[in-house]
Amino acid sequence: AGEGAGEGAGEGAGDTGADDAGAGDDAGDAGAGEGAGDAGAGDGAGAGDAGAGAGDGAGAGEGAGGAGSGGAGGGTGAGKTAAGTLSRDALLSIIGSLIGDIDSLQDDQLAIVITALSRFAADGNIPARDLAGELTTAGVAKNNPYLYSQFTDDKSKKFVSIQAIGIVKGMRYLYNDSRQRATLTKGGQVYTFTVGSANAQHGGEDLPMKQVAVFKDSVMIASEDAFDIFVCTAQYVPKSAYSVCVTEPVETGAQTLYDAFVNALGGGQ
């Protein structure tokens, strides 16, 4: 057995910018550490079904590593994407080539970048986590409509802000405080959501949801319900109190950018 690979933290939710539930300082799926992994490599490069381990972080070390299901050498461990090997400069270069200059992104472009970085951070890339947090802070300061405060009272589920959905989809958002009811309207389309109820209404008809609506800054519904009704989901930003309202175009762009991050690893960046 060589020096092994661990699997670790994913993305998490922060409360008011302070919660530490999320991707830690150490690697996530791309784990490092000394201990016995499933598959070993010596100080050198170990060849396995899932890839080669890196000795001294570079790929070639002293001696020959044994073969295993997923080798890890004495340097950075190899996870499903070995995400920890991609630097901040490399990330910025890829973003610049595919999306645009980081300082002049439109609201939807920033949402794409933050979403892709958050997902790459969940693979264990610390520069991606840090950059996602920085861009989120900047976006909130500029009132980016795709960004909203996470609902952290129930961390087992992710929620999407009805107000954020309304803004990015060009709908009017109204909230009746006494009834704790939110309404989205556009043309003849009318949706209503009541805090504590799992029944929404659309055009006067009941619209059953899987989870009850909740409230933080605005009425929120579970990510799975937001997808069923509006084709929107929540992407929580690691080490942050905020989330991205991911529309279908944002999802498409974020997946393309995330794939570019992963593919760049094969180029040795």
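Each value, and the rule that gives it
- Residue numbers here run from 1 along each chain, matching the order of that chain's written sequence.
- Local features in this predicted model are restricted to residues of pLDDT 70 or higher, and side-chain atom pairs are both shown and tallied only at a pLDDT of 80 or more, whereas totals for entire chains, interfaces and linings draw on every residue.
- Just so you know, side-chain values use all the structure's heavy atoms and leave hydrogens and water out.
- Between Lys or Arg on one side and Asp or Glu on the other, a salt bridge is scored when a side-chain nitrogen of the former is within 4 Å of a carboxyl oxygen of the latter.
- Segments assigned H or I by DSSP are reported as helices when at least four residues long, segments assigned E as strands when at least two residues long, and all are numbered from the N terminus.
- Per-residue accessibility, obtained with a 1.4 Å probe over protein chains only, is compared with the maximum for each type, and a residue is labelled buried under 20%, exposed over 50%, and partly exposed between these values.
- What makes two residues a contact is simply this: any of their non-hydrogen atoms within 4.5 Å.
- Only buried residues count toward a nonpolar core. Its members are Ala, Val, Leu, Ile, Met, Phe, Trp, Tyr and Cys residues joined through side-chain atoms within 4.5 Å.
- One requirement defines pairing of two strands: DSSP has to find at least two bridges between them.
- In predicted models, pLDDT denotes the confidence assigned by the predictor to each residue on a 0 to 100 scale.
- To get an axis, fit a line to the C-alpha atoms, keeping to the stretch in contact for a helix; angles then go from 0 to 180 degrees between the N-to-C directions.

## Some words on the pattern of salt bridges
Applying the stated criterion across every chain, the model contains five salt bridges. A salt bridge links Lys157 to Asp154; the nearest nitrogen and oxygen atoms lie 3.1 Å apart.

## Overview of the side chain of Thr115
Assignment of secondary structure puts Thr115 in helix H2 (residues 107–122). In this structure Thr115 comes out as buried when scored by relative accessible area, which is 0%. If we skip the residues at most four places from it in the chain, Thr115 touches Gln235, Val244, Val246, Val250 and Ala254.

## Regarding unusual backbone geometry
Located in the positive-phi region is Val231, a residue other than glycine, with phi close to 55°. Counting through the fold element by element, Val231 comes out in the loop between helix H5 (223–230) and strand S12 (233–236).

## Notes on the nonpolar core
Counting 61 residues, the largest nonpolar core has Leu117, Ile162, Phe193, Phe230 and Phe261 as its most contacted members. With nine residues, the top contributor of residues to this core is H2. Setting aside anything within four residues of it in sequence, one finds Phe261 in contact with Leu86, Leu91, Ile94, Ile95, Ala116, Leu117 and Phe120.

## Quick word on the pairing of strand S5 (residues 172–176)
Alignment of S5 against strand S6 (residues 181–186), held across five bridges, turns out to be antiparallel. Counterpart to Tyr175 in the pairing with S6 is Ala182.

## Let's talk about the confidence of the model for the protein
Averaged over every residue, the pLDDT of the protein is 76; the share at 70 or more is 68%. Counting contacts from residues 1–81, a segment whose pLDDT is below 50, to residues more than four positions away or on other chains yields 174 contacts.

## Some words on the sheet that holds strand S4 (residues 159–161)
Read across the sheet, three strands follow the order S4-S11-S10 without closing on themselves; strand pairing throughout is antiparallel. Of all strands in the sheet, those bounded by a partner on one side alone are S4 and strand S10 (214–216). Recorded for the sheet is a direction-independent mean angle of 40° between the axes of neighbouring strands. Relative to strand S11 (residues 218–222), S4 runs antiparallel, the two being bridged by three bridges.

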